[in-house]
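Coordinates in review
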Amino acid sequence: MQRFGKFLDTHLVGIAILKGDYEKACELIMRVKDGETERTVATREKWANRFHGVDVSDEQALKDAEMKCAKVVIREIGRFMNCETSIVSSLSRNPRDYKRAFGSISKNMRSMFLHAYQSYVWNRAASYRIDDGGSKEVRVGDLVMTEDKGPLEGGNGTSGLKGKRVKEITLEDVNSGNYKITDVVLPMVGTRIILPTDNTCHFYGEILAKDNLTIKDFEKIGDRELAVGGDYRKLICKPSDVDIEIKLYKDPLQPLFKTDLMNVHNASLDCVDVAPDTVGDSDLEANLVGLVIGFTLPPSAYATIALREFMRRPTSAQYQSELQLEGDCEANVIQK
């Protein structure tokens, strides 16, 4: 799975950009977010209410109100809120010009919003492909990568289509067994990708249609600096260098492997390594049991997502913060 934002709304900004609705894009970036400090929430609410009591039919009054509010809010925005700072700073000089305001955000950040929507669509398509076609075998119409050059070979590596080539799986390919499910790729939707020809192709269209979009909208982005050619990602990644250790320990707050600081101070671990087939009932009663797993993933694959699938537990900060150290630590979370 691909990640696309802490507040689960980054892809919504991407949708607004694809529709050319820069006012909506700025509104989504500036709106109140869950889990923020009281000061940040107050600042965002002040911005949201900047037109309160203003005649919405009077454009000049709206501009004056927005400029006035922007000059106040710019002093209250947190130092790391780069997108918000850029938007408000621009609107303090050019009120109501939301396209200019969005364009004042750095290019990398503007691209991130579009990439977030690409990731959102990819995640939905990947789930559909596995639900519809299984996770074991390739099928006719799947896509596989036949060429993937790295930067040293003249390609783009993990970002971009340069040096990449895909082909459609045929019935002959299926019967020959030349390709495995780990060879299958799905496109990150864009203007230069090839879609699979199985049912997943139609699902891409359905996802876009639900957001009132088509692939042609990726060609009409009003920001000339943003190119959305697309890319390809493996449907299933197989980790390498997998290593598993089982630890018996007492204190739930103690580390299960040495940190760099512990190595510097030559500190020891207060836990015991055991083989899986040697753990008995008495060990489970007298100790906490931990699993330390190490692995390597290819670029554009994420360890947090792999661990989520391995543990079948959410990895979100909210979920983790609600876990308890004693008793059935997940009971209070799962019941919600």
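Structural data are supplied above this passage.
Residues numbered from 1 in each chain as written. Predicted model: local features only at pLDDT ≥ 70, side-chain atom pairs only at ≥ 80, totals over all residues. Heavy atoms only, no water.

This paragraph deals with helix H9 (residues 199–210). Relative to the 16 Å expected for twelve residues at 1.5 Å per residue, H9 spans 17 Å between its end C-alpha atoms, a close match to the ideal helical length. Residues of H9 that are buried include every one of Thr-200, Phe-203, Tyr-204, Ile-207 and Leu-208, and no others. For H9, the arc enclosing every buried residue in end-on projection is 135°, short of the 170-degree limit, so these residues lie on one face. Residues of H9 that are exposed and point more than 90 degrees away from the buried face comprise His-202 and Lys-210. Where H9 is buried, its residues touch helix H7 (107–133) and strand E3 (184–188). (Helix = DSSP H or I, 4+ residues; strand = E, 2+ residues; numbered from the N terminus. Expected span 1.5 Å × (residues − 1). Buried < 20%, exposed > 50% of the residue type's maximum accessible area, 1.4 Å probe, protein only. Arc of directions from axis to C-beta. Contact = heavy atoms within 4.5 Å.)

It is worth spelling out the pattern of salt bridges at this point. What the rule picks out here adds up to 21 salt bridges. Salt-bridge contacts for Glu-147 lead to Arg-165; the nearest nitrogen and oxygen are separated by 3.9 Å. Taken together, the positions of Glu-147 in strand E1 (residues 143–148) and Arg-165 in strand E2 (residues 164–168) put the pair 18 residues apart, joining distant regions of the chain. Under the relative-accessibility criterion, Glu-147 is labelled partly exposed at 26%. On the basis of relative accessibility, which here comes to 51%, the residue Arg-165 falls in the exposed class. The closest approach of N and O atoms between Lys-247 and Glu-245, which form a salt bridge, is 3.1 Å. (Salt bridge = Lys/Arg side-chain N within 4 Å of Asp/Glu carboxyl O.)

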